[in-house]
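# Observations on chain architecture
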Amino acid sequence: MTAPLLTTRDLSVTFSDGNGGLHALGAVSFSVLPREFVCVLGPSGSGKSTLLRALAGLLRPSSGTLDFNGLDSPPRIGFVFQQATLMPWRSVLENILLPLELQNLNPAAAHAKAQEMAELVGLQGFENSLPRDLSGGMLQRVALARALIHDPDLLLLDEPFGSLDALTRERMWMELSRLWLARQTTVLMVTHSISEALFLADRVLVLSARPGKIKLDLPVDLPRPRDDDMRYTEPFGRLARQLKAAIE
Ligand code: ADP
Ligand code: MG
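Below, the structure is looked at part by part. Note that this is a predicted model, so its numbers are computed, not measured.

### Observations concerning the pairing of strand E5 (residues 77–80)
- Residue alternation in E5 divides its side chains into two sets, Ile77 and Phe79 and Gly78 and Val80, and both sets are buried.
- Relative to strand E6 (residues 154–158), E5 is paired through 4 bridges, and the arrangement is parallel. Each bridged residue has a counterpart across the sheet, and for Phe79 the counterpart in E6 is Leu156.

Structure follows, in structure tokens:
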């Protein structure tokens, strides 16, 4: 048995609102294995973003525990939000290498690594472009490259393709699958889309309405690589129906 990368036990988050508190999340208990791709589905306001922020250490859980088993230093986290949140005055390459700059890596090495990442996400030729000259899909590629450049132990994605058109989104699914395989990263991704979850995930967690609790933990045993035609297969339909029933 592989030991999990992370385990939460009764993790719960309550925000103070001057009125007894707003119970946003929990209590949730789950584990994520190394290199696993886990998607989180749930209604709006069910605490999905709150869960990711707690895992990233950006907010403190109100109760429960969060353990990165087996890591002997604090986890390195990559985070991609729905909007790419790039620095508008910096080029593609300068945005990608930002995390290394913060780590004080020597500039030449940082530059070479950023160049490699730009190529990995398909941005060769755009290294010197500014964010304002890029399409939505390209902006999210920059955000992915920036999140992956410091080889995170855990990549957190919060509806990263939510603002993209359908065709671009599906192209990004293929890209993300490829990146995940190539980098052997562990991914936890929030999405609104059942198809997106089934296209990408090894496992899907469904959260209930607020306070979010795990309503379903569904293994996705569809073969890889996955493609468009898979959507019309019987196993895909069966999993989709199970997820839909749990969300409603
Ligand atoms: P989701 O991502 O599933 O849509 P969120 O995690 O963003 O949900 O929010 C869950 C609940 O917590 C919502 O009711 C939201 O308004 C509330 N919430 C989120 N962040 C804060 C905060 N910093 N302070 C107070 N309430 C918050
Ligand atoms: Mg959210």
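Additional details are given in the paragraphs that follow.
### Points about the site of ligand 1
- Taken together, 13 residues are adjacent to ligand 1, and Gly45, Gly47, Lys48, Ser49 and Thr50 come closest.
- Interatomic distance of 2.7 Å between a backbone N/O atom of Gly45 and an oxygen atom of ligand 1.
- Within the contact set of ligand 1, an oxygen atom lies 2.9 Å away from a side-chain nitrogen or oxygen of Ser49.
- For ligand 1, whose accessible area on its own is 560 Å², the fraction buried by protein is 64%.
- Of all elements in the fold, only strand E2 (22–32) and helix H1 (48–55) reach the threshold of two or more residues within the shell around ligand 1.
- Here the element with the most residues in the shell around ligand 1 is H1; it accounts for 4 residues.
- Taken together, the residues of the shell around ligand 1 break down into 4 nonpolar, 6 polar and 3 charged.

Analysis parameters
All residue numbers refer to position in the chain's written sequence, counted from 1. The naming scheme follows written order: chains are lettered A onward, ligands numbered 1 onward. Only residues with pLDDT of at least 70 get local features here, since the model is predicted, and only at 80 or more are side-chain atom pairs given and counted; chain-wide, interface and lining totals rely on the full set of residues. Think of the side-chain values as coming from all heavy atoms in the structure, minus any hydrogens and water. Three labels apply to residues, based on accessible area from a 1.4 Å probe with only protein chains included: buried if under 20% of the type maximum, exposed if over 50%, partly exposed otherwise in between. Helix and strand assignments follow DSSP, with helices taken as H or I runs no shorter than four residues and strands as E runs no shorter than two, numbered in order from the N terminus. A pair of strands is labelled paired if DSSP reports no fewer than 2 bridges between them. The nearness test applies per residue and asks whether one of its heavy atoms lies within 4 Å of the molecule or strand. Side-chain atoms alone can form a polar contact between residues adjacent in sequence; in general such a contact is a pair of N or O atoms within 3.5 Å, and within protein one must be able to donate a hydrogen while the other accepts it. Accessible surface area values rest on a Shrake-Rupley calculation with a 1.4 Å probe, where residue burial reflects the displayed protein chains alone. Classes in brief: Ala, Val, Leu, Ile, Met, Phe, Trp, Tyr, Cys and Pro nonpolar; Asp, Glu, Lys and Arg charged; the others, Gly included, polar.

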